Amino acid sequence: MNTKQLERMQYGKGFIAALDQSGGSTPKALKSYGIDESAYSNDKEMFDLIHQMRSRVITSKAFTSKHILGAILFEKTMDSQIEGVDTAEYLWLKKEIVPFLKIDKGLEVEKDGVQLMKPIPELEAILNKARDKYIFGTKMRSVILEADPAGIKKIVDQQFELGLQIAKTGLVPILEPEVSILSTSKKEAEELLLKEINEHLTLLDNDVKFIFKLSIPTIPDFYAELMKDSHVVRVVALSGGYDREQANGLLRENHGLIASFSRVLLSDLSINQTSVEFDTCLENVILQIYRASIV
């Protein structure tokens, strides 16, 4: 792994920008940005438009390492360029922002109160390519809907199994077993999840490093002890459906927990904004999330 990137992720101040909308979520992200579905006629045109939006964000003078530690990319974004440079290379060498890659391919149907990840074809080839493109780590999401012990064990087993496979390549995985904020047993699910995570951590070799991306917990500072584990580089939070004010407010109640927001970060941006308007809007949102992440 890149030791300079590791040091930045472990000790730096800031948050992770999640710029990893995939095929299913891209139309909604474009529509929020002011681009209707009538503006494109196929996936290639759609992905070109979302890359233009992401490029505008990444090249903005508001998007800097002063407030942003890392950025999560979609695979097509990793394979695209910004100003003639591969996106991840641009992030790290020009902005000193640590690049991550979303690798999951979506969710299975619900069973035992959870949605496991679908299989990830050609994972080894994807990881090798990512490692050659300045990518520091990966991200993969599964979802917990109810406090079902068997389902939650399966979620954590799958996350750690893939996480270990990724770690062996020299990359640092972000494990993301999201607990739905709509769950009627969210608190109980978080308790079961943390128990499983802690049991799995005790089995790891000393040199294995993970990042956890988790829902903002029902009980403030619930993940404080997890953050102290020697295998844990960072614990970051997803917004999970909360609006920006709610997400930032809840984040401030959790010391050491930092944001990894997507929709909350980008929702006020518009293709119709001038460069000044765009940069000002983005800077204001970044500062709000940053301040909530450094408590």
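Residues numbered from 1 in each chain as written. Predicted model: local features only at pLDDT ≥ 70, side-chain atom pairs only at ≥ 80, totals over all residues. Heavy atoms only, no water.

- The name given to the protein in an unreviewed UniProt entry is fructose-bisphosphate aldolase, with the source organism recorded as Thomasclavelia ramosa DSM 1402.
- One UniProt comment on the protein, placed under Pathway (unreviewed entry), says "Carbohydrate degradation; glycolysis; D-glyceraldehyde 3-phosphate and glycerone phosphate from D-glucose: step 4/4."
- Its UniProt record, at the heading Sequence similarities (unreviewed entry), says of the protein: "Belongs to the class I fructose-bisphosphate aldolase family." (UniProt positions renumbered as here; feature names shortened; annotations may be inferred.)

**Here's the deal with the environment of Lys-213**
Piece 1. The topology assignment puts Lys-213 in strand 9 (residues 210-215).
Piece 2. Taking relative accessible area as the criterion, Lys-213 reaches 4% and is therefore assigned buried.
Piece 3. A C-alpha to C-alpha distance of 27 Å links Lys-213 and Gln-52, two positions 161 residues apart in sequence.
Piece 4. Excluding residues within four positions of it along the chain, Lys-213 makes contact with Ala-18, Ile-72, Lys-139, Ile-174, Leu-175, Glu-176, Pro-177, Val-236, Leu-238 and Ser-260.
Piece 5. Here the side chain of Lys-213 touches Ser-260 through a polar contact of 3.0 Å, side chain to side chain. (Helix = DSSP H or I, 4+ residues; strand = E, 2+ residues; numbered from the N terminus. Buried < 20%, exposed > 50% of the residue type's maximum accessible area, 1.4 Å probe, protein only. Contact = heavy atoms within 4.5 Å. Polar contact = N/O pair within 3.5 Å; in protein donor to acceptor, adjacent residues only side chain to side chain.)

**Focus: the pattern of salt bridges**
Piece 1. Applying the stated rule across the entire model yields 16 salt bridges.
Piece 2. Lys-129 is paired through a salt bridge with Glu-75; the nearest N and O atoms lie 3.4 Å apart. Of this pair, Lys-129 sits in helix 6 (residues 123-131) while Glu-75 sits in helix 4 (residues 75-78), placing them 54 residues apart in sequence.
Piece 3. Note on Lys-129: relative accessible area 29%, which makes it partly exposed.
Piece 4. Note that Lys-133 is salt-bridged to Asp-86, the shortest N-O span being 3.0 Å. Residue Lys-133 is found in the loop between helix 6 and strand 7 (137-144), and its partner Asp-86 is found in strand 4 (residues 85-86); the two are separated by 47 residues along the sequence. (Salt bridge = Lys/Arg side-chain N within 4 Å of Asp/Glu carboxyl O.)

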